[in-house]
Amino acid sequence: MTNETRRSLHGLAELVLAGPQHRASGTIRLRITEDGFATVAAPDLRVTADSLVVGGRRVPLAGRTLAEVADDAGVEIGAPRELYPDGSGAAPCDRVVLDGAAEIIGGFVAGDAALRAMGGDAVAVLWPEHFDVGISLNEVNFGVSAGDGTIDEPYAYVGPWKPRSGDFWNVSFGAAHPLRELPDLGAFFAEGRRRAAEG
């Protein structure tokens, strides 16, 4: 996996899925699928490790610009407007790189399954601004990120809204570890939930 791959997938999520969905349906929320991620409302778009699926048709991704992909999908490219200050940093002219895309998507799929197993009414959301799938339960965020300035590879996190202290909490916003170090995501989330409840 490369930073270019992460930026490409993030750009697809933000500029090709979330932006058009926000303009058409008023929401930026995305969802994880069994092989990628997708919109939750119109337009109906889904990204896999090698294609954008629209209306049952597969649009190839690798080596094409984000603008070309959006044009083939029949949507107006662009991030959601005036909702958040940061994002992918991707531009319509960026070419899609997919080297190791399956690693990021696999992390999201595993994270989504572990979050669903936690129960409760919270629905896991793939957020396009930070490119992470997460839920909030009892004022604690749980999720999986594609990687960022905190950890430069896919990682899982537990982020209490109020700071906690102790050896479990290893980053400024709570606890975070690369997915390759966590053979059991559910166990990590469960421990984070228990530790957060202890205060």
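Notes on the structure follow. Since the model is a prediction, treat every value here as computed from it, not as a measurement. (Residues numbered from 1 in each chain as written. Predicted model: local features only at pLDDT ≥ 70, side-chain atom pairs only at ≥ 80, totals over all residues. Heavy atoms only, no water.)

Quick notes on the overall build of the protein chain
Broken down by element type, the protein chain carries four helices and ten strands. In the protein chain, the succession of α and β elements from N to C terminus is α-β-β-β-β-β-α-α-β-β-β-β-β-α. In terms of C-alpha radius of gyration, the protein chain reaches 17 Å, essentially the compact-globule figure of 16 Å for 199 residues. Evaluated residue by residue, the protein chain yields a buried proportion of 49% over its 199 residues. For the protein chain, the computed accessible surface area is about 9200 Å², with 49% contributed by carbon and sulfur atoms. One way to put it: in the protein chain the 18 positive side-chain charges average out to a point 3 Å from where the 28 negative ones average out. (Helix = DSSP H or I, 4+ residues; strand = E, 2+ residues; numbered from the N terminus. Rg over C-alpha atoms; globule rule 2.2 N^0.38 Å. Buried < 20%, exposed > 50% of the residue type's maximum accessible area, 1.4 Å probe, protein only. Areas by Shrake-Rupley, 256 points an atom, 1.4 Å probe, with all protein chains shown as cover. Lys, Arg positive; Asp, Glu negative; His and termini not counted. Charge placed at Lys NZ, Arg CZ, Asp CG, Glu CD.)

Details of the packing of aromatic side chains
Tallying each qualifying case throughout the model produces eight aromatic pairs. Seen from their ring centres, Phe142 and Phe189 are 6.0 Å apart, and the 85° between their planes marks the pair as edge-to-face. Highlighted residues: Phe142 in strand S8 (residues 140-145) and Phe189 in helix H4 (residues 185-198), separated in sequence by 47 residues. You can call Phe189 buried: its relative accessible area is 0%. (Phe/Tyr/Trp six-rings, centres within 6.5 Å; stacked < 30°, edge-to-face > 60°.)

A word on helix H2 (residues 66-73)
Where H2 is concerned, the buried positions are Leu66, Val69, Ala70 and Ala73. The arc that holds every buried residue of H2, seen down its axis, measures 95°, which confines them to one face. In the core, the buried residues of H2 are packed alongside helix H1 (3-25), strand S3 (45-47), strand S4 (51-54) and strand S5 (57-60). Note on H2: the residue one or two positions beyond its end, Gly74, has a positive phi of about 80°. (Arc of directions from axis to C-beta. Contact = heavy atoms within 4.5 Å.)

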